[in-house]
Amino acid sequence: MVNEHADLAELLPPPGDPVLPAARERMLKEHLLHEIAREQAPAPRPLGSRMRRRLLVAGVPAAVALAVLAGVDASGVLDDGPAVTAAQSHRAEVLLTRIARAADSRPAAAVRDDQYVYTEVRGAKRYFADFLPGGAGDLAQREDWHAVDGRRKGLARIRAIPADGRASGHIDMTLDADPNGTTYRELTALPTDPVLLLRTLYARTAGQGPTHEEAVFESIGAMLPESLLVPDLNSALYRAASRLPGMVVVDGAADGAGRRGVGLAFLGSRHGTTWVFDPSTLAFLGTTRTAVIEVGIADRAGQPPVRG
């Protein structure tokens, strides 16, 4: 209980401190070394969202690298966005560490290759399909079934949810096996050491941007829903995110279904993505655009997940 109270106290902004903490300096150095070396590194297939777009890369000037490697406080100079203060960075690290601890305590799912990963998400209808019936203010629900091994076709089921909650009818779409998607088995093969995982993500997102660290942030976010089934990886993703320069806490955030929580974002992100967590359990709720309602394992596409 003493440690938990200490963690909660650390979430409060500490007094102003213009000195970059040694841990953050080390992380910035690691990041810049990755950036300097990535032009020579191979670019394997990127991990992350099943619906991905390629973005331009913003390089890090050599002068910035030299300044950080010389021990100069370079907080906030890694991109053209707003500066992240040492206090903001520290607060995000503390929260991500607490979220990682909570993830560690959750049970892992038993999964067979012939099964499907089931996800149910909700959000504003415009984020799913404009052709759904109903009013402009309606929510929409999307259920996905992706083959665990990625070798079989999956299913997407979409429906509008009117304000009265009485959804009726749905649209089914077949999902082909996606060569650029990350299957459940590929998730379980990722390293769970946060440092090795972060290096892997930097390598897999080479050539994406607008900044390399934002590409890593987006890649981690795309894996969070399905990684809930793999607690050790889920925890490692949060610990890896805590080493990203630019992470900040967003108070009073709400997911796509309006559930209130505490948020984490990459400051200056062009997409404005914020991860939202339950303020009590620290469970992942979704993002400010979509809410993760359920993640599980189903025996067949189109069937509800196995429960109990």
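The structure this text deals with has already been given above.
Here is a short report on the structure shown in this document. (Residues numbered from 1 in each chain as written. Predicted model: local features only at pLDDT ≥ 70, side-chain atom pairs only at ≥ 80, totals over all residues. Heavy atoms only, no water.)

**A short note on unusual backbone geometry**
In step 1: Phi is positive for Leu282, close to 65 degrees, though the residue is something other than glycine.
In step 2: In this fold, Leu282 is placed in the loop between strand E7 (274-277) and strand E8 (284-287).
In step 3: On the basis of relative accessibility, which here comes to 5%, the residue Leu282 falls in the buried class. (Helix = DSSP H or I, 4+ residues; strand = E, 2+ residues; numbered from the N terminus. Buried < 20%, exposed > 50% of the residue type's maximum accessible area, 1.4 Å probe, protein only.)

**A look at the pairing of E7**
In step 1: Side chains Thr274 and Val276 of E7 all project onto a buried face; the interleaved residues Trp275 and Phe277 project onto the opposite face, where all are buried too.
In step 2: Judged from the 4 bridges that link them, strand E6 (residues 260-266) and E7 form a sheet pairing that is antiparallel. Looking across to E7, one finds that Gly263 is bridged to Val276.
In step 3: Across 3 bridges, the pairing between E7 and E8 is antiparallel. Its bridge partner lying in E8, Phe277 is registered against Phe284.
In step 4: Counting the residues between successive antiparallel strands, the hairpin from E7 to E8 contains 6 residues, one of them, Leu282, with a positive phi of roughly 65 degrees. (Pairing = 2+ DSSP bridges.)

**Digging into the pattern of salt bridges**
Pairs can form between side chains of opposite charge once their charged atoms are near each other.
In step 1: Considering all chains together, one arrives at 13 salt bridges under this definition.
In step 2: Linking Arg112 and Asp114 is a salt bridge whose minimum nitrogen-to-oxygen distance equals 2.9 Å.
In step 3: Exposure remark for Arg112: the relative accessible area of 43% places this residue in the partly exposed category.
In step 4: Overall, the relative accessible area of 39% leaves Asp114 in the partly exposed class.
In step 5: One salt bridge connects Arg159 with Glu143, and the closest N-O pair in it is separated by 3.3 Å. Pair noted here: Arg159 is in strand E3 (residues 154-161) and Glu143 is in strand E2 (residues 139-147), with a separation of 16 residues, a long-range link. Residue Arg159 shares its accessibility class with Glu143, and that shared class is buried.
In step 6: Connected through shared salt-bridge partners, Arg112, Asp114 and Asp299 make up one network. (Salt bridge = Lys/Arg side-chain N within 4 Å of Asp/Glu carboxyl O.)

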